[in-house]
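Listed below, chain by chain, are the residues.
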Amino acid sequence: MKCQVSVLLGAALLCLLVLVLQPSTVRGDRLQPKGYKQTVEKLQKFYASFEQQVSREFRRWKQQGTMTPHFRHLIAASAIGKSERAQEIRELPTAREGPLCAICRGFGGSVLEFRREGASREEVFNTTVELCTMLNLQEESICRGLIELNIDTILYIVDNRPELSSASLCAVVFQSGACVLDDPTFTEWQVELDPNGTPVTASKAGTPQRGPNDLKIVQITDLHFDPNYRPGYNAECGAPACCRESQGVPEDPAAGAGHWGDYRNCDTPWNAVEDLLDRVAEEHADADFIYHTGDIIDHGIWETSIGYNVRSISRVVEKFRQTFGETPVYNILGNHEAHPTNVYELGEVTRPDFSTNWLYHLSADLWSQWLPQAAQQTIRLGGYYTALVCPGFRVIALNNNDCYTFNWWILFQPDALKGQLQWLHDVLLQAERAGEKVHILAHLPISSDCFSVWQREYRRILERFRDTISAQFHGHTHKDEFNVFYASESPEHAVGVAWNGGSGTSHTNVNPNYVVYYVNPETYEVTDFESYAYNLTSANMSPDERPAWFRMYSFQEEYGLSDLSPAGVDAMIQRLGTPAGRDELRRYWEYKVKLADASLATDCTEECLLNHLCEIVTNQADDLRKCQELSETFFD
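Residues numbered from 1 in each chain as written. Predicted model: local features only at pLDDT ≥ 70, side-chain atom pairs only at ≥ 80, totals over all residues. Heavy atoms only, no water.

The name recorded for the protein in an unreviewed UniProt entry is Sphingomyelin phosphodiesterase, from Anopheles melas. Per UniProt, the protein carries the Sequence similarities (unreviewed entry) text "Belongs to the acid sphingomyelinase family." As recorded by UniProt, the Subcellular location (unreviewed entry) comment attached to the protein reads in full: "Secreted". (UniProt positions renumbered as here; feature names shortened; annotations may be inferred.)

> Can you walk me through the overall build of the protein in this structure?
Looking only at helices and strands, the protein has 22 helices and 12 strands in total. Compactness check: the protein gives a C-alpha radius of gyration of 24 Å against a globular reference of 26 Å for 636 residues, within 12% of the reference. When the backbone C-alpha atoms are referred to their principal axes, the protein occupies close to 75 × 55 × 50 Å. Relative to all contacts within the protein whose residues are 6 or more apart in sequence, the contacts with residues 24 or more apart total 74%. Taking the average location of the 55 positive side-chain charges in the protein and that of its 86 negative ones, the two points are 4 Å from each other. (Helix = DSSP H or I, 4+ residues; strand = E, 2+ residues; numbered from the N terminus. Rg over C-alpha atoms; globule rule 2.2 N^0.38 Å. Contact = heavy atoms within 4.5 Å. Lys, Arg positive; Asp, Glu negative; His and termini not counted. Charge placed at Lys NZ, Arg CZ, Asp CG, Glu CD.)

> What is the right way to look at the domain arrangement of the protein in this model?
Interfaces are often sized by the amount of accessible area the parts lose when they come together. We note that the domain assignment places domain 1 (28–185) and domain 2 (215–229 + 267–634) within the protein. Computed over C-alpha atoms only, the centres of domain 1 and domain 2 are separated by 30 Å. Taken together, the contacts link 29 residues of domain 1 with 41 residues of domain 2. Counting the surface lost from both domain 1 and domain 2, the interface buries some 3,100 Å², and carbon and sulfur atoms represent 65% of this. In this structure, the connection of domain 1 to domain 2 is made through six residue pairs in polar contact (both at pLDDT 80 or more). Among the secondary structure elements, those contributing two or more residues to the side of domain 1 that touches domain 2 are helix H7 (140–160) and helix H8 (166–174). Here the element with the most residues in the side of domain 1 that touches domain 2 is H7; it accounts for 12 residues. Looking at the side of domain 1 that touches domain 2, its residues break down into 13 nonpolar, nine polar and seven charged. (Domains from an automatic or database assignment. Buried area = accessible area lost by both parts, 1.4 Å probe. Polar contact = N/O pair within 3.5 Å; in protein donor to acceptor, adjacent residues only side chain to side chain. Nonpolar A, V, L, I, M, F, W, Y, C, P; charged D, E, K, R; others polar.)

> Before we go on, may I ask you to explain helix H21 (residues 606–617) in this structure?
Each α-helix turn comprises 3.6 residues. Residues three or four places apart therefore point the same way. Taking 1.5 Å per residue, 12 residues should reach 16 Å; H21 reaches 17 Å between its end C-alpha atoms and fits that length. Counting buried positions along H21 gives nine out of 12 residues, so the element sits mostly inside the fold. Looking at the buried positions of H21, the neighbouring elements they touch are strand E8 (482–486), helix H18 (566–576), helix H19 (582–592) and helix H22 (625–634). (Expected span 1.5 Å × (residues − 1). Buried < 20%, exposed > 50% of the residue type's maximum accessible area, 1.4 Å probe, protein only.)

> Would you mind showing me how to read the UniProt feature "binding site: Zn(2+) 1" (unreviewed entry) in the protein here?
As annotated by UniProt and renumbered to match this structure, "binding site: Zn(2+) 1" (unreviewed entry) occupies Asp-222, His-224, Asp-295 and His-478. Across 257 residues, the annotated set stays spatially compact, with a maximum C-alpha separation of 10.4 Å. When residues no more than four places from it in sequence are discounted, the contact partners of Asp-222 are Gly-294, Asp-295, His-443, Gly-475, His-476, His-478, Gly-502, Ser-503, Gly-504 and Thr-505. Of note is the side chain of Asp-222, whose polar atom sits 3.3 Å from the side chain of His-478. Among the secondary structure elements, His-224 is positioned in the loop between strand E1 (215–220) and helix H10 (270–283). Classification of His-224 by relative accessible area gives buried; the value is 0%. Filtering out sequence-adjacent residues up to four positions away, His-224 remains in contact with Asp-267, Thr-268, Asp-295, Ile-296, Ile-297, Asp-298, His-299, His-336, His-478 and Thr-505.

> Mind showing me how you'd approach the nonpolar core here?
One finds Ile-220, Phe-320, Tyr-330, Phe-482, Trp-499, Phe-555 and Ile-573 to be the most contacted residues of the largest nonpolar core, which totals 99 residues. Of the residues forming this core, the biggest block, seven residues, is contributed by helix H12 (residues 357–367). With residues up to four places along the chain from it excluded, the contact list for Trp-499 reads Gln-219, Gln-472, Phe-473, His-474, Glu-481, Phe-482, Tyr-517, Val-526, Phe-529, Phe-555, Leu-564 and Val-569. Ile-103, Ala-119, Leu-421 and Trp-423 belong to the second-largest nonpolar core, a separate cluster that totals 86 residues. (Core = buried A, V, L, I, M, F, W, Y, C linked by side-chain atoms within 4.5 Å.)

> Got a minute to help me understand the confidence of the model for the protein in this structure?
Detailed reading of the predicted coordinates is not advisable wherever pLDDT falls low. With 93% of its residues at a pLDDT of 70 or more, the protein shows a mean pLDDT of 92. Note on residues 1–28: pLDDT under 50 across the span, and 53 contacts to partners over four residues away in sequence or across chains. (pLDDT = per-residue confidence, 0-100.)

> What is the right way to look at the pairing of strand E4 (residues 385–390) in this model?
In summary, the side chains of a regular strand alternate between the two faces of the sheet. When E4 meets strand E5 (residues 393–397), the two strands line up antiparallel, connected through five bridges. Each residue of the ladder has a partner; that of Ala-387, found in E5, is Val-395. Between the antiparallel neighbours E4 and E5 lie two residues, among them Gly-392 with a positive phi of about 90 degrees. (Pairing = 2+ DSSP bridges.)

> Looking at this structure, I do not really get the UniProt feature "binding site: Zn(2+) 2" (unreviewed entry) in the protein. What am I missing?
Mapped onto this numbering, the UniProt entry annotates "binding site: Zn(2+) 2" (unreviewed entry) at Asp-295, Asn-335, His-443 and His-476. These residues run over 182 residues, yet every pair of their C-alpha atoms falls within 8.2 Å of each other. Relative to the assigned elements, Asn-335 resides in the loop between strand E3 (329–331) and H12. Judged by its relative accessible area of 2%, Asn-335 is buried. The residues contacting Asn-335, other than those within four sequence positions of it, are Asp-295, Thr-341, Asn-342, Tyr-344, Asn-401, Tyr-404, His-443 and His-476. Here His-443 shows up in the loop between strand E6 (437–441) and helix H15 (452–464). Looking at His-443, the relative accessible area reads 0%, which means it is buried. One polar contact links His-443 to Asp-295, side chain to side chain, over a distance of 3.1 Å.

Here is the structure:
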């Protein structure tokens with residue numbers, strides 16, 4: 001990247017941030033370049049300088065009513081590219097960490113000051129809409145809708161936490177190495193662990209290959225049903241969700257939405273939701289259980305409402321009820337089920353209009369036919385529960401959306417996150433004493449955008465109860481992938497595996513899929529799984545015919561594993577982390593995007609493949625030891 005001499009200080013600063021964070025010698029976005037920590041320390045001075053510049057120019061704007069040319073240059077230099085709008089923060093390259101943190105601290109800090117100096121709700125609203133649009137975060141109508149939905153929550157937090165700084169706010173949201181969190185309010189809380197655990201001295205071994213008596217569990221996740229989806233409507237609208245009735249029919253037919261879904265930023269039409277559930281019931285009628293791991297609501301995050309969400313949730317859960325009959329369905333909540341999206345109340349909040357109780361009570365009612373009466377209490381309290389499936393086997397269903405870094409309530413009372421984690425610990429302790437094995441369901445993968453302190457505490461719990469926890473199941477990323485956990489003090493030892501069910505939606509650049517797991521009936525460990533999908537391109541060419549679902553692969557067959565235990569999967573990862581394992585790693589990536597034409601067309605370089613390998617072994621934002629270890633063998 002080249003810096004133009006004529007660009008003002010703000011642009012020069014951002015350009016410098018990109019240069020110093022660019023991983024020039026180490027390949028892979030999950031990897032940090034040499035001297036990264038020292039560079040980050042130096043960046044704090046640049047952040048302070050940039051904040052001061054933006055604050056000074058912001059004040060002039062508010063006092064004089066017009067923006068100076070310098071302020072406009074700062075905004076123009078800070079504006080993001082449209083391609084970044086659709087990406088999760090975890091998907092952005094390391095080189096963007098510094099600039100994004102600086103933008104957040106500079107402009108976010110100015111708005112924070114503005115409110116604390118007496119700005120009204122209307123003034124803050126109009127100001128943030130204008131900045132959101134000029135910084136190219138979204139189109140103006142979407143900025144306006146998103147801010148309207150979230151402003152009251154954020155103002156409540158700002159008004160009631162006068163010590164909250166822009167540095168802490170941005171560090172929680174972006175959770176990157178370049179955004180340092182040094183506020184003990186956020187970091188100094190812990191779950192109280194039972195002291196009777198044993199040290200980790202080896203990777204956890206497990207059940208051998210699948211057998212004829214294995215249980216069969218189907219995971220369905222991230223359906224993202226969009227009641228506004230219309231075939232033929234604009235799939236290239238630039239919003240978080242396209243293909244919608246309000247976005248019109250494009251002049252170019254190629255930009256129109258497909259009948260069964262679309263690879264672009266589009267969610268799932270009802271006919272595709274019905275087909276997926278019907279196909280599971282038809283092809284896997286012998287399934288013992290269904291795990292439904294959240295995200296029913298679409299990506300129209302700027303225009304949700306409680307009524308809108310209730311209608312979609314109720315319709316989808318009713319379809320589950322009609323389709324699967326007596327087969328137990330274990331549901332959990334996704335981050336999109338809340339209104340506003342991602343926002344799950346935490347802490348001692350006095351305003352009833354901020355409560356998430358409407359969603360918890362709705363869920364308790366809709367899920368009741370599949371659950372014991374005792375589960376009602378915790379569902380109504382916080383959207384989580386446990387159920388004894390059969391003697392010796394228990395499901396724990398978490399609502400870990402509270403740890404999502406875009407859940408603003410983390411900023412209000414961070415230690416309130418401890419409540420559900422302590423409950424998880426206590427249920428696992430009881431299960432251990434009763435000799436039960438446990439499956440944990442959680443929408444957010446622990447490695448995916450969960451607040452780092454929550455990640456730290458979850459890992460402590462997992463390590464303590466590694467012999468009780470037989471499997472973990474996640475959603476959220478829309479990718480067919482998995483995550484391996486390693487002991488904190490002995491990272492050479494693998495202690496757990498979490499499987500991700502992919503998504504029923506094709507948003508974005510993936511094929512719809514579901515997963516069938518085979519589970520040992522004594523240890524309740526996963527012995528194999530099969531992923532099923534259909535090619536969206538082919539399906540849309542025949543809109544009058546049902547999609548042609550096919551078995552993409554069997555995990556055990558594809559990778560030649562003797563078992564899918566943490567030890568067995570870790571051995572596979574070590575193989576994939578060498579040049580000899582490159583073809584296997586490429587196949588892993590192809591299956592991860594579910595053989596979607598739109599993704600395969602972009603290919604995946606060696607650096608890209610290393611990044612995907614690193615994502616398997618990274619489950620805490622500030623712990624990249626396993627990734628660095630794999631990088632040392634990757635290019636040998």
